[in-house]
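# Summary of structural features
This is what each chain is made of:
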Amino acid sequence: MRQSIQRLEDQILETCSKNGRKRDEVKLVAVSKTKPIYLIEEAYAAGLRIFAESRAQEFRDKVNSLYADIEWHFIGHLQRNKIKYVATSSALIHSVDTLMLAEALSDYATTKAIEVPILLEVNTSAEPAKFGVHPDQAQEVYLRVQQLPGLKLKGLMTIAPFVSEEKQIRKSFSDLRKLKDQIMAHLTDQSNFELSMGMSQDFQWAIAEGSTIIRVGTALFGAREAF
Ligand SMILES: *Cc1c(COP(=O)(O)O)cnc(C)c1O
């Protein structure tokens, strides 16, 4: 575990410096979905404090059985009836993929008198099998979600298309970056707009294209069983 963390850290650092970016501009989120508690404990012992899960019950169970100073992120498709497992203990929900889900989260947050930090997920590759708002609608949805009480909308998230071609993958990241620029022109608060993009296979390209949060599972914990 220490070795894979070190290797990843070296790669992140090198990619940052190659692209004129500072290491602290890119947050590493360790994706621990499907992985057992003991592996998360190992990663924690090696210094990692930010973990992400993509299934609501698994998220809740791991939050309850692990250290209180872990920052938990939620990155999976969230059904409205499972908001209660996730909303209170998430430092960030990356995967708000419809206006309807945002509204349901807003209702929940208002009832509980909490503020839920979220990102809007954009389907940059427009693959029908993927979740996320269509890029053409992203700005409009973003500005509407921003008005909803109980939510703190902090930026955009995307998952690159499942292809091996660098050009296609980078395009989905640069498209998200362009959306950020478009949307920011309409915002009064221009600080800290997050771009959650980049996974084990493509985080270097994502950093080159302006990512501020990378979500890395396999490169840290090894391959997952079919999921
Ligand atoms: C599983 C997952 C990741 C991590 O993917 P790896 O290829 O294992 O690094 C990142 N983001 C999301 C949304 C995921 O579901």
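The present account deals with the structure reproduced in this document. Once a new chain begins, its residue numbering starts again from 1 and follows that chain's sequence as written. In keeping with the model being predicted, local features are shown solely for residues with a pLDDT of at least 70 and side-chain atom pairs are shown and tallied solely at 80 or more, while totals for entire chains, interfaces and linings include all residues. Note: side-chain values were computed over all heavy atoms of the structure, leaving out hydrogens and water.

### Description of the packing of helix H6 (residues 135–145) against helix H7 (residues 166–184)
For helices, the fitted axis covers only the stretch in contact; all axes are lines through C-alpha atoms, and the angles between them, taken along N-to-C directions, range from 0 to 180 degrees. Strands are runs of DSSP state E lasting at least 2 residues, helices are runs of H or I lasting at least 4, and numbering of each runs from the N terminus. Where H6 meets H7, the closest approach of the two axes is 10 Å, and the angle between their N-to-C directions is 35°. The way H6 lies across H7 gives a crossing that is right-handed. Contact residues: H6 offers Pro135, Ala138, Gln139 and Tyr142, while H7 offers Leu179, Gln182 and Ile183. Taken together, the residues of the contact of H6 with H7 sort by class into five nonpolar, two polar and no charged. Handedness of a helix crossing follows the sense of rotation of the near helix relative to the far helix, less than a right angle counterclockwise being left-handed and clockwise being right-handed. Residues count as neighbours in contact if any of their non-hydrogen atoms are within 4.5 Å of one another. The residue classification treats Ala, Val, Leu, Ile, Met, Phe, Trp, Tyr, Cys and Pro as nonpolar and Asp, Glu, Lys and Arg as charged. All others, Gly included, are polar.

### Topic: the pattern of salt bridges
Just to be clear on terms, a salt bridge is a Lys or Arg side-chain nitrogen sitting within 4 Å of an Asp or Glu carboxyl oxygen. In this structure the tally under the stated criterion is 11 salt bridges. Among the ionic pairs, Glu71 bridges to Lys27, the shortest N-O distance being 2.8 Å. Of this pair, Glu71 sits in strand S3 (residues 71–74) while Lys27 is found in strand S1 (residues 27–31), placing the two residues 44 residues apart along the sequence. Using a 1.4 Å probe on the protein chains alone, a residue whose accessible area is under 20% of its type maximum counts as buried, one over 50% counts as exposed, and one in between counts as partly exposed. Owing to a relative accessible area of 26%, Glu71 belongs among the partly exposed residues under this scheme. Here Arg170 makes a salt bridge to Glu166, at a shortest N to O gap of 3.2 Å.

### Describing the pairing of strand S4 (residues 92–96)
The buried fraction of S4 amounts to five of the five residues, a majority that puts the element mostly inside the structure. Pairing between strands requires that DSSP locate at least two bridges from one strand to the other. Sheet topology places S3 next to S4; two bridges connect them, and they run parallel. The residue of S4 that forms the bridge with His73 is Leu92. Across two bridges, S4 lies against strand S5 (residues 116–121) in parallel orientation. What sits directly across from Val96, in S5, is Leu120. When the strands point away from the viewer and the path from the first strand over the helix to the second turns clockwise, the crossover is right-handed. After leaving S4, the chain enters helix H5 (residues 99–112) and then returns to the sheet as S5, a path that is right-handed.

### Some thoughts on the packing of aromatic side chains
The criterion for an aromatic pair is that two Phe, Tyr or Trp rings (for Trp, the six-membered ring) have centres within 6.5 Å, with stacked assigned to planes under 30 degrees apart, edge-to-face to planes over 60 apart and tilted to the rest. Tallying each qualifying case throughout the model produces five aromatic pairs. Measuring from centroid to centroid gives 6.3 Å for Phe59 and Trp72, while their planes differ by 75°, and the two rings are edge-to-face. Remark: Trp72 occurs in strand S3 and Phe59 occurs in helix H3 (residues 56–65); sequence separation between them is 13 residues. A residue is classified by how much of its surface remains accessible, and Phe59, at 0% relative accessible area, is buried. Considering the side-chain rings of Tyr142 and Phe193, the 5.5 Å spacing of their centres and the 20° angle between planes classify their relative orientation as stacked. With a gap of 51 residues between them, Tyr142 in helix H6 and Phe193 in the loop between H7 and strand S7 (194–196) connect regions that are remote in the sequence. An identical accessibility class is assigned to Tyr142 and Phe193; each is buried. One aromatic cluster in this structure is built from Phe51, Phe59, Trp72 and Phe74. Positioned above the aromatic ring of Tyr44, the side-chain terminus of Arg49 is 3.6 Å from the ring centre. Seen from the ring of Tyr85, Lys84 lies directly overhead, with NZ or CZ sitting 5.0 Å from the centre. Put simply, a charge is over a ring when the Lys NZ or the Arg CZ is close to the ring centre, within 6 Å, and near the line of the ring normal, within 35 degrees.

### Here we look at the environment of Glu225
Mapped onto the elements of the fold, Glu225 is located in the segment after helix H9 (218–221). Between the C-alpha atoms of Glu225 and Lys35, which are 190 residues apart in sequence, the distance is 9.4 Å.

### Some points on the environment of Met197
The residue Met197 is located in the loop between S7 and helix H8 (203–208) in this model. Residues Met197 and Arg177, spaced 20 residues apart in sequence, show a C-alpha to C-alpha distance of 9.8 Å.

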